[in-house]
Amino acid sequence: MNDNPRRRSQHGLTTEATAVLGAALSTPSDSDILARLHDRLALQSETQGILDVAYATVDTPVGPLLLAATTKGLVRVAYASEDHDKVLQDLAQKLSPRLLRAPNRLDRVARELEEFFAGQRRAFDVDLDLSLSRGFRQLVQRRLPEIGYGQTRSYREVAELVGNPNAVRAVGTACATNPLPVVIPCHRVLRADGTLGGYIGGAEAKAALLRLEAA
Amino acid sequence: MVHLMGRPATPAPVHGNHDVGRGRHRRAPARIPATERSEVKQPFEKVVEEHGHTVLRVVRAVLGPYDADDAWSETFISAMGAYPDLPHEANVEAWLVTIAHRKAIDVLRAAKRRAMPVDEISGPPHAPHSVAVDGSSGPELLDTLELWAAVRTLPDKQSQAVAYHYVAGLPYVEIARILGGTTEAARRAAADGIKNLRKIYPGGMTEGAPS
């Protein structure tokens, strides 16, 4: 018997024995069990009203999109180039850390996006939560859906639309910080000379969306 | 510029004063630097991802596989409800293990009130149904199940101290907080647990352990 187990290792037990003990409380199918328990947690937390932010990712022709919704509505759409992990961290900080992958809440918008990318849908019919933007930016973002499917406007025209024709640059910023790209169609806003201008999902995604809508 | 662990620890129910015995960084997410993680609270999704397995093992150590799932769910629902109020510098794993311990004990007490048949405690281990369909039977799996059963036959304090220290990797000072009593008592309970495990289950525990 060893009466000074700490001398053997940091735990007072050999690392082999620790590993055996750890394995003893695991089973080969733990990842399946944990996946099932995770899904159950997503459902239970929704039922109990503590799921503040639910998210899911969907594959689209412009790459994987992260979709996040509060209980009020869709709050964020993010391109992969924005780094989904960073976006989630940001949501946890700005909205609530009670955030889980819980695709149920995103089912409807996911379906509508699928229809949109298949050319079978021209407008989105889901509740939006614009709490990630404020003031003039939010005002612009609220008005962008007025630019219909397949149409485009210049930044200046949008500035006029919101009643502030001198705020061309501010409109550009409002588009660049749109928390709900694709669903709020900032891709329909171009430079006055008809060139693309910037886009949060990159020029290629912007061009792809415009091509889709022109077809 | 590195200000890793640069935040002064303010008094909190549980905080990150790990002893040297911990030393486990295997599950730190690669993409979020430690500096950032210490400053802001992680999404709860990451908490489940990083600590779900530990909580599962802890509730199993107390309950076995059958009631473990429910205790796991109750642990995370309860933790998620309280998560926004948890101090940023808190040791999340110790906090979760504390909750898991409480939930598991509740389930255990309820089960004992129903007068559990003796063979459920000391009889041969029942394989979880998911293991039965797995192809990897053989001596290793059997050993694992036997040892698992052996941990559960230890007196409560010992099996918990063993699980929390050796499985969850918690320092004894945290375990003492969870189980009540002194750090030394927690250390002794774990040591006694290991000693008893060696008696019950000599095969796995003597391996590589010179006596």
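Here the structure is a predicted model, which is why all the values come from computation and not from measurement.

The next thing to look at is the sheet that holds strand β3 (residues 74-79) of chain A. Residue and element names in this part refer to chain A. A sheet is described by the order of its strands in space; here four strands give the open sequence β3-β2-β1-β4, paired in mixed fashion. The strands lining the two open edges of the sheet, one partner per strand, are β3 and β4 (99-101). Neighbour-to-neighbour, the strand axes of this sheet turn through a mean angle of 25°, independent of strand direction. Here seven bridges tie strand β1 (residues 53-60) to strand β2 (residues 63-69), and the two strands are oriented antiparallel to one another. Bridging across to β2, threonine 60 finds its partner in glycine 63.

Core analysis: the biggest nonpolar cluster contains 93 residues, and Leu67 of chain A together with Val58 and Val59 of chain B have the highest contact counts within it. Ranked by residues supplied to this core, first place goes to helix α2 (residues 44-63) of chain B with ten residues. The contact partners of valine 58 of chain B, leaving out residues within four places of it in the chain, are Val97, Ala100, His101, Ala163, Tyr164, Val167 and Ala168 of chain B.

Further remarks concern helix α5 (residues 135-143) of chain A. Residue and element names in this part refer to chain A. Among all positions in α5, only Arg137, Val140 and Gln141 are buried. Projected down its long axis, α5 carries its buried residues within an arc of 100°, all on one side. The secondary structure elements touched by the buried residues of α5 are α6 (155-161) and α7 (168-176).

Right, let's get into the confidence of the model for chain B. Residue and element names in this part refer to chain B. Here chain B shows a mean pLDDT of 70. Residues at 70 or above account for 60%. Looking over chain B, one finds the lowest element-wise mean pLDDT in helix α6 (residues 129-133), namely 30, and the highest in helix α3 (residues 65-82), namely 92. Note on residues 118-142: pLDDT is under 50 here. Beyond four places in sequence and across chains, it has 23 contacts. Low pLDDT, under 50, characterises residues 206-211; the predicted model gives this stretch 13 contacts beyond four residues in sequence or across chains.

About the thresholds
Residues numbered from 1 in each chain as written. Chains lettered and ligands numbered in written order. Predicted model: local features only at pLDDT ≥ 70, side-chain atom pairs only at ≥ 80, totals over all residues. Pairing = 2+ DSSP bridges. Helix = DSSP H or I, 4+ residues; strand = E, 2+ residues; numbered from the N terminus. Axes fitted to C-alpha atoms, helices over the stretch in contact; angles between N-to-C directions. Core = buried A, V, L, I, M, F, W, Y, C linked by C-beta atoms within 7 Å. Buried ≥ 20, exposed ≤ 12 C-beta atoms within 10 Å, placed from the backbone. Contact = placed C-beta atoms within 7 Å. Arc of directions from axis to C-beta. pLDDT = per-residue confidence, 0-100.

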